[in-house]
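Residues per chain are reported as follows:
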Amino acid sequence: MRSDRLALAALAGLAVLLVVAGLVTVGGPEEARRQRRDEARVAALSDLARCMAQLPVAEFDALPPEMAADNPCVDRDNWRDAGTGAPFRLVRGEGGAFSLCAAFENPASVRRNFYGQSFDPATGCVTARRDE
Amino acid sequence: MKPNETLGDFVARALAAGRGRDEIAAALREAGWQASDIRRALAQWGDPALGLPVPRPAAHVSARDAFFYGLMFTMLATLVWHIDALGFDLIDRAFGIEDDYGYDWRAQSIRWSIAVLVVVVPLFLWLNRAEAARLRDDPAQTRSAIRKWFAFVTLYLAALGMVGDLIATIYALLNGDLTVQFIAKAALVLLTAGLVFLYYRGELRQGDEV
């Protein structure tokens, strides 16, 4: 085979190999939709957590373990999972720490650290801290 | 009239007058013409037939060639860019390089490169096949000036890519940044630039053989 034909075949082969590897890595359309839903969940948890970290102590202490529409930090419908409708859960920790949790479809693919908070894929919770 | 047109005209008249090529070349050298100019001028004309020097085929330019080879060049550049982009993303993923963004932008980048390659690779291969068929049917097409220009520009960019890649690698070594991840990326760039160089070098040689 001429060198130019060989080079062209190698280039095309490399492209095919990388496309296959890419599809194996990121999955197909359904995986992309799952990822988008999880990103929306973590964004909602993060927004809520950022607001709740600034709430006055009395308002924060009065919050129930499950988010509701009357939560002072709620904006539109961000107190519950857009896909399942299940309310996000509040878990209080020690020393001002608290977590907001949801059920994720693929928690391993969600980013871990952002906006000064952290996401734990094992629990599906975004953890933040109040300034007390 | 441009000097080289005058030169070509002189060579034609000298050949028509029955002068030999060596005699014509010597006269031109004495007049101060460079060897490469003399060679090109003599190559424009075949030996006299019908009592006249016969013009040899020359390079030509056409809008169709500009479209066709321009499209091939663009497709190849896109193909190579996204092979490297996709490769870089997969290498970063394999080495666990993550960013502190709220969303997985790398997954989107990978999907975009996949989409581009799925379209561009078959299109480029089809264009290449169409070009090969065209050249088989009409070997005069190898004289297309646009074809040669695009090929040499591609060779130039591929050569720059390889040189730049080697420089970056040595710099990373000296800077203490030569990680396995870097080597993998540099190897990918060298491979794609090298394959493009080999491909076009072979293409141009094919044109010279026809």
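Provided above is the structure to which this section pertains.
Note that the structure is predicted; figures quoted are calculated from it, not measured.

## A closer look at a nonpolar patch on the surface
(1) Moving on: On the surface, Trp-149, Val-153, Tyr-156, Leu-157 and Leu-160 of chain B cluster together into a nonpolar patch covering about 550 Å² of accessible area.
(2) Moving on: As for its position among the elements, Trp-149 of chain B is in helix α6 (residues 145–174).

## Remarks on α6 of chain B
All names here are of chain B.
(1) Moving on: Taking 1.5 Å per residue as the helical rise, α6 with its 30 residues ought to reach 44 Å, and the 43 Å between its terminal C-alpha atoms agrees with that figure.
(2) Moving on: Those residues of α6 lying buried are Ala-145, Ile-146, Arg-147, Ala-151, Thr-154, Leu-155, Ala-158, Asp-165 and Ala-172.
(3) Moving on: Two residues or fewer after α6 comes Gly-176, characterised by a positive phi angle close to 75°.

## Thoughts on the state of the cysteines
Residue and element names in this part refer to chain A.
(1) Moving on: Enumeration over the complete set of coordinates arrives at two disulfides over all chains.
(2) Moving on: Between Cys-51 and Cys-73 runs a disulfide, and the two sulfur atoms are separated by 2.1 Å. The disulfide joining Cys-51 to Cys-73 has a torsion of about -80° about its S-S bond and is therefore left-handed. Taken as a pair, Cys-51 in helix α2 (residues 29–52) and Cys-73 in the loop between α3 (57–61) and β1 (89–92) lie far apart in primary sequence, 22 residues in all.
(3) Moving on: Covalent S-S linkage joins Cys-101 and Cys-125, the inter-sulfur distance amounting to 1.9 Å. Classification of the bridge connecting Cys-101 and Cys-125 rests on its S-S torsion, roughly 105°, and on that basis the disulfide is right-handed. One end of the pair, Cys-101, is in strand β2 (residues 97–101); the other, Cys-125, is in strand β5 (residues 125–129), and 24 residues separate them in sequence.
(4) Moving on: Residue Cys-125 is classed as buried on the basis of its relative accessible area, which comes to 8%.
(5) Moving on: Here chain A pairs its bonded cysteines, counted in sequence order, in the arrangement 1-2, 3-4.

## A look at the packing of aromatic side chains
Any aromatic ring pair is given by two values, namely how distant the centres are and how the planes are angled relative to each other.
Residues and elements named next belong to chain B.
(1) Moving on: According to the stated counting rule, one finds six aromatic pairs over all chains in the structure shown.
(2) Moving on: Taking the centre distance of 5.3 Å and the plane angle of 85° together, the rings of Phe-68 and Tyr-69 count as edge-to-face. Pair check on accessibility: Phe-68 and Tyr-69 agree, each one buried.
(3) Moving on: Residues Phe-73 and Phe-150 carry aromatic rings whose centres are separated by 5.4 Å and whose planes lie at 35° to one another, so their mutual orientation is tilted. Taken together, the residues span a long stretch of sequence, with Phe-73 in helix α4 (residues 63–94) and Phe-150 in helix α6 at a distance of 77 residues.

## Comments concerning the interface of chain B and chain A
(1) Moving on: Chain B puts 35 residues into the contact, and the matching count from chain A is 28 residues.
(2) Moving on: Summing both sides of the interface, chain B and chain A together bury roughly 2600 Å²; the carbon and sulfur share of this comes to 69%.
(3) Moving on: One can count zero salt bridges joining chain B with chain A.
(4) Moving on: Taken together, chain B and chain A are joined by three residue pairs in polar contact (both at pLDDT 80 or more).
(5) Moving on: Listed by contribution, the elements that provide at least two residues to the side of chain B that touches chain A are α4, α5 (105–137) and α7 (180–209) of chain B.
(6) Moving on: With 11 residues, α5 of chain B is the largest single contributor of residues to the side of chain B that touches chain A.
(7) Moving on: In terms of residue class, the side of chain B that touches chain A is built from 22 nonpolar, six polar and seven charged.

Parameters and conventions
- Residues numbered from 1 in each chain as written.
- Chains lettered and ligands numbered in written order.
- Predicted model: local features only at pLDDT ≥ 70, side-chain atom pairs only at ≥ 80, totals over all residues.
- Heavy atoms only, no water.
- Patch = residues over 30% accessible without salt bridge, like charges linked within 9 Å, V, L, I, M, F, W, Y side chains within 5 Å.
- Areas by Shrake-Rupley, 256 points an atom, 1.4 Å probe, with all protein chains shown as cover.
- Salt bridge = Lys/Arg side-chain N within 4 Å of Asp/Glu carboxyl O.
- Helix = DSSP H or I, 4+ residues; strand = E, 2+ residues; numbered from the N terminus.
- Expected span 1.5 Å × (residues − 1).
- Buried < 20%, exposed > 50% of the residue type's maximum accessible area, 1.4 Å probe, protein only.
- Disulfide = S-S within 2.5 Å.
- Phe/Tyr/Trp six-rings, centres within 6.5 Å; stacked < 30°, edge-to-face > 60°.
- Contact = heavy atoms within 4.5 Å.
- Buried area = accessible area lost by both parts, 1.4 Å probe.
- Polar contact = N/O pair within 3.5 Å; in protein donor to acceptor, adjacent residues only side chain to side chain.
- Nonpolar A, V, L, I, M, F, W, Y, C, P; charged D, E, K, R; others polar.

This is a description of form; function is not addressed.
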